[in-house]
Amino acid sequence: MSQAARPAPRSLAEALRARDDASLSALLRSRPDLITPVPTDLTQLATRAGTRASVLRALERLDRFALQTAEALAVAPDPASYTTLLGLMAGDAADESVTAALPRAVATLREQALVWGDDKRLRLVRTARELLAPAPQHPSPTGLGPSVQEATSGMSPGRIQEIVTTAGLPSTHDAVSAVAGLTALFGHRKKMARLLAGAPEAALDVLHRLVWGPPYGQVTADPAAHLRWLLDRGLLLPTTPGTVVLPREVALHLREGRAHRTPEPLPPAVEPAAAHSPQVVDATAAGQAYTALATVEELLKDWDEGGPGVLRAGGLSVRDLKRTAVALDVSEPVAAFWVELAYAAGLIASDGEADERYAATPGYDEWLERPAAERWSALAEAWLAGTRTPGLVGGRDAKDRTLSALGPGLDRSAAAEVRHRVLTLLAGLPTGTAPDTGSVLNRLRWERPLRGARQEGGEEDLRSRLARWTLSEAELLGITGRGALSAQGRALLGAPAPAPAPTPVAEVPAGPGARLPVHHHAPGPAPAPLSPAEQAAATAAAARVLAPLLPEPLDHVLLQADLTAVAPGPLRRPLADTLDVLADVESKGGATVYRFTPASVRRALDAGRTASDLHAFLTEHSRTPVPQPLAYLIDDVARKHGHLRVGAASAYVRCDDDALLNEILADKRAAGLRLRRLAPTVLAAQSDPAALLEGLRAMGFAPAAESAEGDVLIARAHAHRTPPRTAPEPVPDGPPPPDATLLAAAIRAIRAGDLAATAPRKPAGSETGTGSRAPLAGGELPRTSSAETLATMQAAVLTGESLWIGYVNAEGSASQRVIAPVRVEGGFVTAYDHTADEVRTYPLHRITGVAELAED
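Participant: What should I look at first to understand the nonpolar core in this one?
Facilitator: Generally speaking, soluble globular proteins have nonpolar side chains that are buried together. L16, F186, L235 and L236 are the most contacted members of the largest nonpolar core, which totals 90 residues. Here this core takes eight residues from helix α5 (residues 64–75), the largest share from any one element. Those residues in contact with L16, other than ones at most four positions away along the chain, are L24, L27, L42, L45, A46, A113 and R751. Listed in part, the 69 residues of the second largest apolar core include V270, F337, L384 and L403.

Participant: Just checking my understanding: could you explain the sheet that holds strand β21 (residues 803–808) for this structure?
Facilitator: Strand pairing in a sheet relies on backbone hydrogen bonds. The paired strands run either parallel or antiparallel. Read across the open sheet, the five strands follow the order β24-β23-β22-β21-β25; overall the sheet is antiparallel. One side of each edge strand has no neighbouring strand; the edge strands of this open sheet are β24 (838–843) and β25 (847–852). Between one strand axis and the next, the sheet turns through 45° on average, direction left out of account. The sheet contacts of helix α33 (residues 786–799) involve β21, β22 (814–825), β23 (828–833) and β25, and relative to β22 the element is tilted by about 60°.

Participant: Sorry, what's going on with the environment of R159 here?
Facilitator: Mapped onto the fold, R159 is located in helix α10 (residues 157–166). A C-alpha to C-alpha distance of 9.4 Å links R159 and A175, two positions 16 residues apart in sequence. Excluding residues that lie within four positions of it along the chain, R159 makes contacts with R228, L231 and D232.

Participant: What is the right way to look at the environment of T564 in this model?
Facilitator: Tracing the backbone shows T564 in strand β13 (residues 564–567). You can call T564 buried: its relative accessible area is 2%. Distance in space between the C-alpha atoms of T564 and Y594 is 5.4 Å, their sequence separation being 30 residues. The residues contacting T564, other than those within four sequence positions of it, are L558, L559, E586, V593, Y594, R595 and F596. There is a polar contact of 2.5 Å between the side chain of T564 and the side chain of D562.

Participant: Quick question: what am I supposed to make of the pairing of β23 here?
Facilitator: Along any regular strand the residues' side chains alternate between the sheet's two faces. Across six bridges, β22 lies against β23 in antiparallel orientation. Its bridge partner being in β23, I819 is matched across the sheet by D833. Looking at chain direction, β23 and β24 are connected through six bridges and run antiparallel. Paired with Y832 across the two strands is V839, which belongs to β24.

Participant: Just checking my understanding: could you explain empty space enclosed by the protein for this structure?
Facilitator: Rolling a probe over the atoms, with the probe sized like a water molecule, indicates the empty space that remains. Enumeration according to the criterion identifies three cavities of 30 Å³ or more in this entry. A total of four residues in the lining of the largest cavity trace back to one element, the largest contributor, which is helix α18 (residues 332–344). For the lining of the largest cavity, the per-class residue count stands at six nonpolar, two polar and four charged.

Participant: Help me out: how do you make sense of helix α16 (residues 278–302) in this one?
Facilitator: Every α-helix carries 3.6 residues per turn, so stepping three or four residues along brings you back to the same face. Taking 1.5 Å per residue as the helical rise, α16 with its 25 residues ought to reach 36 Å, and the 36 Å between its terminal C-alpha atoms agrees with that figure. Restricting attention to buried positions, one finds in α16 the residues V281, D282, A285, A286, A289, A292, L293, T295, V296, E297, L299 and L300.

Participant: Would you mind showing me how to read unusual backbone geometry here?
Facilitator: Generally, phi is negative for residues other than glycine and the peptide bonds are trans, each holding for most cases. Between T36 and the following residue, P37, the backbone shows a cis peptide bond with an omega angle of -5°. Tracing the backbone through its elements, the reader meets P37 in the loop between α2 (21–30) and α3 (42–49). Put simply, D78 and P79 share a cis peptide bond, and its omega is 0°. Among the structural elements, P79 can be located in the loop between α5 and α6 (82–90). Backbone geometry places R482, a non-glycine residue, at a positive phi of 55°. Its place among the elements puts R482 in the loop between β10 (480–481) and β11 (484–485). R482 sits in the partly exposed class, given a relative accessible area of 44%.

Calculation criteria
Residues numbered from 1 in each chain as written. Predicted model: local features only at pLDDT ≥ 70, side-chain atom pairs only at ≥ 80, totals over all residues. Heavy atoms only, no water. Core = buried A, V, L, I, M, F, W, Y, C linked by side-chain atoms within 4.5 Å. Buried < 20%, exposed > 50% of the residue type's maximum accessible area, 1.4 Å probe, protein only. Helix = DSSP H or I, 4+ residues; strand = E, 2+ residues; numbered from the N terminus. Contact = heavy atoms within 4.5 Å. Pairing = 2+ DSSP bridges. Axes fitted to C-alpha atoms, helices over the stretch in contact; angles between N-to-C directions. Polar contact = N/O pair within 3.5 Å; in protein donor to acceptor, adjacent residues only side chain to side chain. 1 Å grid on protein atoms, 1.4 Å probe; cavity = no way out; pocket = protein on both sides within 12 Å on 5 of 7 lines; lining within 4 Å. Points joined across faces, edges and corners; volume = space filled by probe spheres on them. Nonpolar A, V, L, I, M, F, W, Y, C, P; charged D, E, K, R; others polar. Expected span 1.5 Å × (residues − 1).

In structure tokens form, the structure reads like this:
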């Protein structure tokens, strides 16, 4: 039967049955919950597509105009023609932009299986109509009230006849025809205009206050004359005592046929806020990328010997987050971002020990060995795909508990989708163009209006907050520079080559009076995130783009006479690690300033370096001569280092110079150590060796710890690592979209199951001489005797016909199948199973019965 001759579908299942495989694939891809698990046939697929949870999820993914179209269908007659729908959307003025966009919206609703039927009989699925249609409990987003028929359902026939007569219509013999006549009157433009022409001015004011909703109002038991005029003519209808409603047909007349005050057929434009040269954007973003790497390394270096403890409920304490912020010299929200980013990238985790604390993972050491650009791309990929939301830190959860960094409750399934979408919108602008934040938020609300609805109290919705956080975090990470998407950010998205700017632009801020071109984007589905393989390729491409923009690590510093060293850029790792031990960082920025102090030099000596080692190191790595004050500092500290020896007795101090011991005993600051002389060269203390070391160093001495054998103990920092840990898995926003292989297999199974459920079958017993029996119902398994089943199978082998069978597997699960028997022997039938699309063998004793398919 041709498409033109195909009858109109009578149900959603029939509409799905008429679709081709490409259309079914599009449906299952956009609504993956329908395929989890795979439906047995198209009837079950249609049933699942009409469940409340599935319909709500589908409505949440509609853009504003498609949702407005569904809302209009919910207040239209069921079914409604396309012409009726167009009138509700475009109004009497026939708005051209709405007229042009409506076919796309209807096609979207059809593709999502929210609407079925041809253009003469469009039907919104029942659950969607229940969710979107007006009701006193949940007013329609259109602001329309109930129809005349719905509003008068509980009214007495006599009262209806009075309204009809007062409205100027002839009385009827029954309430049904009276309501129909009143409905026709309210829907007739000219007759309604004549009726309203005689209305009091105050009555018209009441109608105009109710026309755009809410359509309900309050009246007293003795309403005023202008309200009585409206009530007598049915222009206001009572619902409950003291409450009246404006009928839908009256409101549509006053609205000039429009269901919505402001249809929005086109998405709002993403407006530019400033334009910069691409070179400036890329250089700024590369600088931020380098800063991001340095910040993460500094964080992990601070936690190298073991970080802060884990709260009992999980996460960092407020005090530890403040300490981390001070150490990184950033605000607490930014510190939370860096901590969460390192966690998402699998660089830090809980060590799982009894005294649980956070520490670097073995993956951190592997990450450090990679080139700088690859380290950055690993961070950027983890951020883009992650669902943990650092912006929530410090807020409250549903149980009014504080949300802490690294703690539970920070996952938001929409985070990854919003990040990807925001960056995609930036990629649609000309190179170097930074967007206006408000226009980005307006675009996101248009694309997902139900998810972008403002919360109670006027609080900004989650998607808008996620978008704001995305813009700021992308800048911190170096994906954007000066608000514009960088070259490495574009590569990370796998975005195509950018559109050139309309005219060459220099640095152009968006100030008062500045007029930058507005960039409109055609409506349509947002591009889907990349597959894992595609994302891996995009991440590698981003690293290649960034690599030449990062500064080359240096192998030298500039020593100065004021006991400082200036690193004019990033240092190679061995040099940076040694300097971190030998000196203290005084300031950071484009150049890092290190300061040498007696304590820092002693720290290097404690780590096993000698004075000659330090002199050789500085001479090798300094572009300037080693200043004399620095050389004197090293020699002076080294001369005193180890002169005093502290060991464990409970603790003792020994020294070959008894005069030095006399000096210590005479110092009032030593009173807290409670020292006493055991021998001319030995002092005993009642404190532990560590406290004794600290006390003597505070007094200005340079003691060295020694072992039980008398050897000097080298005080090297011991890196603390967690057991192998994997990065946290993102929390998916519903079932994941199926891949092409799963889609093809699912559609094949659904088609085959539908064939088994709907194949026409001959009435059982019609040709066996046992008497005619009624045809089996679609969901009922055929029942035949063993002998009859065997005979029918053997006959089908000879004729090559297909059969419909009922089959119960080993687990007791029953199913219907359409098979073409090939061979019957040994109690088994080998057949081509149309349901599974393969040749299978079935035990005859598990077949409940068999029926022949009808010839047509």
